[in-house]
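Overview (structure and organization)
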Amino acid sequence: MLQGAVWCTLASFGALCRAAQVQLATPHVGPQVSGSTGEVPDKGRLFPSDNPHYAPGYLPVDHDHDALADWQLDDASNVNSTSHLVFETVSSLLQHWPNTRMRNGHNIVPGTIPPGTLLYHGTWHSDLPSGPEWTATDPEHSMLFCRNTVGEDGCWHLTLMTTRPLKVVYFDGSSAAKAPFGSMDTQDIISWGAVRPDRALEEGDRIKALCEWGREYDVDGFVRMEMDFEVMLCDFTSGVRVVSSLALAKAGTSSKASRMFEVMYAGSWHNRYPGETRIQLDLSGLISFYDTELVPSLVPARFGKERWDHRLLNISGEDLAQARVRLEEFLSKPAGRSSSGIDWLALIRVVVDRYSERLEFARYLLNSTSPDTADSDSMVDVAIKTQVQLRNMLAPYILFDVIPPSIMPKTEVRGLDVLDWARPAYRLCATTHTGMLQDNTMTSSEKLLLDAVQGTTREICRVVTKMWGLGVLAGVDQFVGTAREPDVETIQNLMKTWRKDIAKLMAWLDWNVWVKCRPACGLEEMCYLTTWPIGFPKRDRPRPPKNRDPVPPSPSHPSENDPPVPTRPPRGDGPPRGEPAEDWERPQPRCVRRIDPYTI
């Protein structure tokens, strides 16, 4: 148990420590298999929905058992829980920044593109494509693949407008990054019926296979992301009309690096929430490969791995088939199908907005001084300021009659039992957003989303409540006090405990809103993550079979004769020209120049 060790870090409570001597839980990397036998954990949700009854003005009442029995402050999230992973990946849908950082997508989501939306296609002739082709959501992207007819200047650029809602399927992550490292896993199971890293560059066959599969379900296209977002459009004569087909002027003397940067810059417009707004997703049909009921075979496959390395390799045939069937069943249902009507993205965003900046600020305060070297006045001042932030997060859930111990008990009490008085705030914090949601009208996808929000808020509230309660008992809360006067040793150990708690919580959440350039970039710069294909290991494109029609250039299929794009070194100690970036596997934010010489 964690409970004894946490309080033992604070001074002057020797009786508590002797009563419950345990070791602090060791941090883990990624989901782990429970127990020492290596057995796959039980399927099922880890935090089932509560259905509490509220007495006016009081805590929820459960007539069958102690209302707080399931709300122990030392009951951390199960190590195999994926609630935080579902939460963060759904929170990041259609946003360029998080899907560039964690490029191995785990979600397939049905959606629509509304009428009146412009799509762009760079081509080498004025004719409309006769089969499936790639379109871009921003012209900077499609113009990169605009070509000129032999013997003529300029290049052809086609602009389309949707005339009805286009039915699309979205693959999250950097799903248009043609690499064998996991970014194309989710679409592989639709295209090929298996994860096929060896076919990462077979874009012509891929788009044909996807459109052939989607025809039965009236799917018009597929949404992916690389430097910017793209739509793999199955039929240029259905649901779209031509706005213009123009022979554009040459790019002049601008370098390939300049044009590549402008694509990256256009992609950055969709970096953060709400992301690419021209695609509207229906989360009631979400397929998540972090769903441990839908795809339990991936639980042991993720054992001991960091999130960067999560992918769909080793998915069982049964789980793969089950995921496809669920997606196909949803796509087969008519429009206006039954769902709860809950705006899940808005609910998730409420949680992120409520806690992201406050947790980040609390961590900043705790890291602004060292408990081992700071003078006592500075240390107490930081502790009080941190306690204010913790209280602010819990303010809507702290009841007026909360009564912490006025003095620490002299009898032996086990560990965090001394924080029993704070458990009502924990429960209210964790259940207010979801406790009254009824799941009888929810789809299976919505039930997964409910579990994700519940599991994520529960762990946030558990840690924040525990930290706040320890601060109260240490005497640094300005509103709820004890008879205890803060002393240097107690505050010093409190600060150390707080720093460990908040670091572990934020690492577990791993929200992309906390990933940014520090210090902020200047006006001539842009905050940037290494983005495919720049800075990635070069792979030889396989030769097409003889007698195969050539595939024209497009946002996801450059011309075979295009020279390789050199990689310019970033500011400081960057990789030499043409070599992979040092962070290509785990992108880290850095400032790059927006004007020549470029440093992407």
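Below, the structure is looked at part by part. Counting restarts for each chain: residues are numbered from 1 in the order of the written sequence. Owing to the predicted nature of the model, reporting of local features is limited to residues with pLDDT of at least 70; listing and counting of side-chain atom pairs is limited to 80 or more, with chain, interface and lining totals taken over all residues. Excluding hydrogens and water, the side-chain values take into account all heavy atoms of the structure.

**Comments concerning the overall build of the protein chain**
Selection rule: Only runs of H or I of at least four residues qualify as helices and only runs of E of at least two qualify as strands under DSSP, and these elements are numbered from the N terminus. Burial classes follow relative accessibility: with a 1.4 Å probe on protein chains only, a residue under 20% of its type's maximum area counts as buried, one over 50% as exposed, and anything between as partly exposed. Contacts were defined at the residue level, with two residues in contact if any of their heavy atoms lie within 4.5 Å. Computed with the Shrake-Rupley method and a 1.4 Å probe, the accessible areas treat only the protein chains shown as cover for residues.
Of regular secondary structure, the protein chain possesses 15 helices and 14 strands. For the protein chain, with 600 residues in total, the buried portion stands at 53%. Residue pairs at least 24 apart in sequence account for 79% of intrachain contacts in the protein chain once pairs closer than 6 positions are excluded. As displayed, the protein chain offers around 26,400 Å² of accessible surface, 51% of which is attributable to carbon and sulfur atoms.

**Description of helix α3 (residues 83–91)**
Most of α3 is tucked away: nine of the nine residues are buried. Every buried residue belonging to α3 is among Ser-83, His-84, Leu-85, Val-86, Phe-87, Glu-88, Thr-89, Val-90 and Ser-91, and all of these are buried. Buried residues in α3 make contact with β3 (107–113), β12 (287–288), α11 (344–367), α14 (444–474) and α15 (488–509).

**Some points on the state of the cysteines**
One way to say it: the disulfide is the covalent bond shared by the sulfur atoms of two cysteines. For clarity, the threshold we go by: Disulfide assignment relies on a single distance test, namely cysteine sulfur atoms paired within 2.5 Å.
Tallied over the full model, the rule gives five disulfides. Ordering the disulfide-forming cysteines of the protein chain by sequence position, one finds them joined as 1-2, 3-4, 5-6, 7-9, 8-10.

**Quick notes on helix α8 (residues 256–268)**
Worth spelling out the cut-off: To estimate the expected span of a helix, subtract one from its residue number and multiply by 1.5 Å.
For α8, built from 13 residues, the straight-helix expectation of 18 Å at 1.5 Å per residue is met to within 8% by its first-to-last C-alpha distance of 18 Å. Restricting attention to buried positions, one finds in α8 the residues Ala-257, Ser-258, Met-260, Phe-261, Val-263, Met-264, Ala-266, Gly-267 and Ser-268. Of the surrounding secondary structure, the elements contacted by the buried residues of α8 are α4 (96–101), α5 (139–143), β13 (525–528) and β14 (590–593).

**What about the nonpolar core?**
Put simply, the rule reads: By convention a nonpolar core is built from buried Ala, Val, Leu, Ile, Met, Phe, Trp, Tyr and Cys residues, the set being connected through side-chain atoms within 4.5 Å.
Tyr-355, Leu-359, Trp-468, Trp-498 and Trp-511 are the most contacted members of the largest nonpolar core, which has 81 residues in total. Considering each element in turn, this core owes the most residues, 15 residues, to α14. When neighbours within four sequence positions are excluded, Leu-359 is seen to be in contact with Met-393, Val-464, Ile-502, Leu-505, Met-506, Leu-509 and Trp-514. Core analysis: the second largest hydrophobic core is formed by 28 residues, Phe-171, Ile-207, Leu-312 and Leu-327 among them.

**Overview of the side chain of Ser-175**
Its place among the elements puts Ser-175 in the loop between β7 (166–171) and α6 (185–191). Under the relative-accessibility criterion, Ser-175 is labelled buried at 0%. In this view, Ser-175 contacts Ser-183, Met-184, Gln-187, Val-223, Arg-224 and Met-225; residues no more than four positions away in its chain are not counted.

**Section: the pairing of strand β4 (residues 118–123)**
Using the following cut-off: Paired strands, in this sense, are two strands between which DSSP finds at least two bridges.
By the criterion of burial, β4 is predominantly enclosed, with five of the six residues buried. As judged from the six bridges shared by β4 and strand β6 (residues 155–162), these two strands associate in the antiparallel manner. Counterpart to Gly-122 in the pairing with β6 is His-157.

**Some points on empty space enclosed by the protein**
Worth spelling out the cut-off: Points on a 1 Å grid, built from protein atoms alone, make a cavity when a 1.4 Å probe fits but cannot get out and make a pocket when they are open with protein on both sides within 12 Å along at least 5 of 7 lines; residues with an atom within 4 Å of a point are the lining residues. Grid points are joined across faces, edges and corners, and a volume is the space filled by probe spheres set on the points.
Summed over all chains, the structure comprises seven cavities of 30 Å³ or more. Size it by volume and the second largest cavity reaches roughly 90 Å³. Taken together, His-96, Trp-97, Thr-100, Met-264, Ser-268, Asn-271, Met-526, Cys-527, Tyr-528, Leu-529 and Thr-531 make up the full set of residues lining the second largest cavity. The set of elements that each furnish at least two residues to the lining of the second largest cavity consists of α4, α8 and β13.

**Here's the deal with the pairing of β7**
Counting buried residues along β7, five of its six residues qualify, which places the element largely inside the surrounding structure. Sheet topology places β3 next to β7; six bridges connect them, and they run antiparallel. Bridge pairing in β7 places Ile-113 opposite Leu-166. As defined by bridge partners, β7 adjoins strand β8 (residues 221–225) across three bridges and the pair is classed as parallel. Among the inter-strand pairings, Tyr-170 is bridged to a residue of β8, identified as Val-223.

**Some points on the pattern of salt bridges**
Quick reminder of the rule: Each reported salt bridge corresponds to a side-chain nitrogen of Lys or Arg within 4 Å of a carboxyl oxygen of Asp or Glu.
All told, the structure shown has 27 salt bridges when counted by the stated rule. A salt bridge links Arg-199 to Glu-202; the shortest N-O distance between them is 2.8 Å. Close ionic contact of Arg-391 with Asp-477 constitutes a salt bridge, the shortest N to O distance being 3.9 Å. With Arg-391 in helix α12 (residues 376–394) and Asp-477 in the loop between α14 and α15, the pair connects residues that are 86 residues apart, well separated along the chain. Sharing partners across several salt bridges, the network here consists of Asp-188, Glu-203, Arg-206, Arg-224 and Glu-230.

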